[in-house]
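Survey of secondary and tertiary structure
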Amino acid sequence: MQKTKLGISVGLMGFITYFACYFGGYIAAILLFGYILLVENNQWLRKTAVKALLLTVAFSLLSALIGLIPDIIEFIGSIVSVFNGSFYLSIVSKIVTVLISAIGLIKTVLFIVLGFKALSQGSVNVPVVDDLTNKNTD
C-alpha cells in the first residue's frame, strides 16, 4: 500500500479529495488539488485530484447553465411588460427545478461512489471528465 508524504494511504487521500470537493466546496478542492499536484508523485492520486476538481466545476457549470433558462424568460417578460404585456412560462420553471434536483442527486451519488472506490484506488468511468483528465495529466 503506497503512502502519501503525509503518511496516509494514497486511497484514503483520494477518498478525502472527493469528499472535500463535495462537502468543502472550491476552497477545499483547490487546496487539496494544489497540494497533490505540487507534492505527491503518485500518478493515480494526481489524476484523482484533477478528476475531482473537474467534476466539481462541471456540476457547478451545468447547474448555472440550466439556471439561466428562467433568467432569460424573466428578462423577456421584463421587456414585454414595458409594452404592457405579460410573458411567463411556469412549466419551464418547474422543469428547471426538476433538472437542478436531478443534477444534485447525480452529483451526490457520483461523489459518494467515487469516494468509496478511491479507498481501493479504483474509479468510476465518467466519459467526458475522464477524457479531459487523461488528455491533460500525462
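Residues numbered from 1 in each chain as written. Predicted model: local features only at pLDDT ≥ 70, side-chain atom pairs only at ≥ 80, totals over all residues. Heavy atoms only, no water.

**Here's the deal with the nonpolar core**
Residues Y18, L45, L55, F59, L110 and F111 are the most contacted members of the largest nonpolar core, which totals 26 residues. For this core, the elements supplying multiple residues, two or more each, are α1 (10-39), α2 (43-82) and α3 (90-118). Looking at this core element by element, the count peaks at nine residues for α2. (Core = buried A, V, L, I, M, F, W, Y, C linked by side-chain atoms within 4.5 Å. Buried < 20%, exposed > 50% of the residue type's maximum accessible area, 1.4 Å probe, protein only. Helix = DSSP H or I, 4+ residues; strand = E, 2+ residues; numbered from the N terminus.)

**Considering the packing of α2 against helix α4 (residues 127-137)**
Axis separation between α2 and α4 bottoms out at 9 Å; the angle between their running directions is 130 degrees. Accordingly, the angle class assigned to the pair α2 and α4 is oblique. Read as a crossing pair, α2 and α4 show a hand that is right-handed. Facing Q43, K47, V50, K51, L54 and L55 of α2, the residues of α4 in contact are V129, D130, L132, T133, N134 and T137. Here the contact of α2 with α4 is composed, by residue class, of five nonpolar, four polar and three charged. (Axes fitted to C-alpha atoms, helices over the stretch in contact; angles between N-to-C directions. Parallel < 35°, antiparallel > 145°, perpendicular 65-115°, else oblique. Left-handed = near helix turned anticlockwise from the far one by under 90°. Contact = heavy atoms within 4.5 Å. Nonpolar A, V, L, I, M, F, W, Y, C, P; charged D, E, K, R; others polar.)

**Let's talk about the pattern of salt bridges**
Per the stated rule, a full pass over the model turns up one salt bridge. Note that D130 is salt-bridged to K51, the shortest N-O span being 2.9 Å. Taken together, the residues D130 in helix α4 and K51 in helix α2 connect sequence positions 79 residues apart. Judged by its relative accessible area of 3%, K51 falls in the buried class. (Salt bridge = Lys/Arg side-chain N within 4 Å of Asp/Glu carboxyl O.)

**Regarding α1**
Over its 30 residues, α1 runs only 13 Å from end to end, short of the ideal 44 Å by more than 12%, given 1.5 Å per residue. Of all bends in α1, the biggest is about 145 degrees, found at G25. (Expected span 1.5 Å × (residues − 1). Bend = angle between axes of the 7 residues up to and from the residue.)

No statement about biological role is implied by the geometric values presented.
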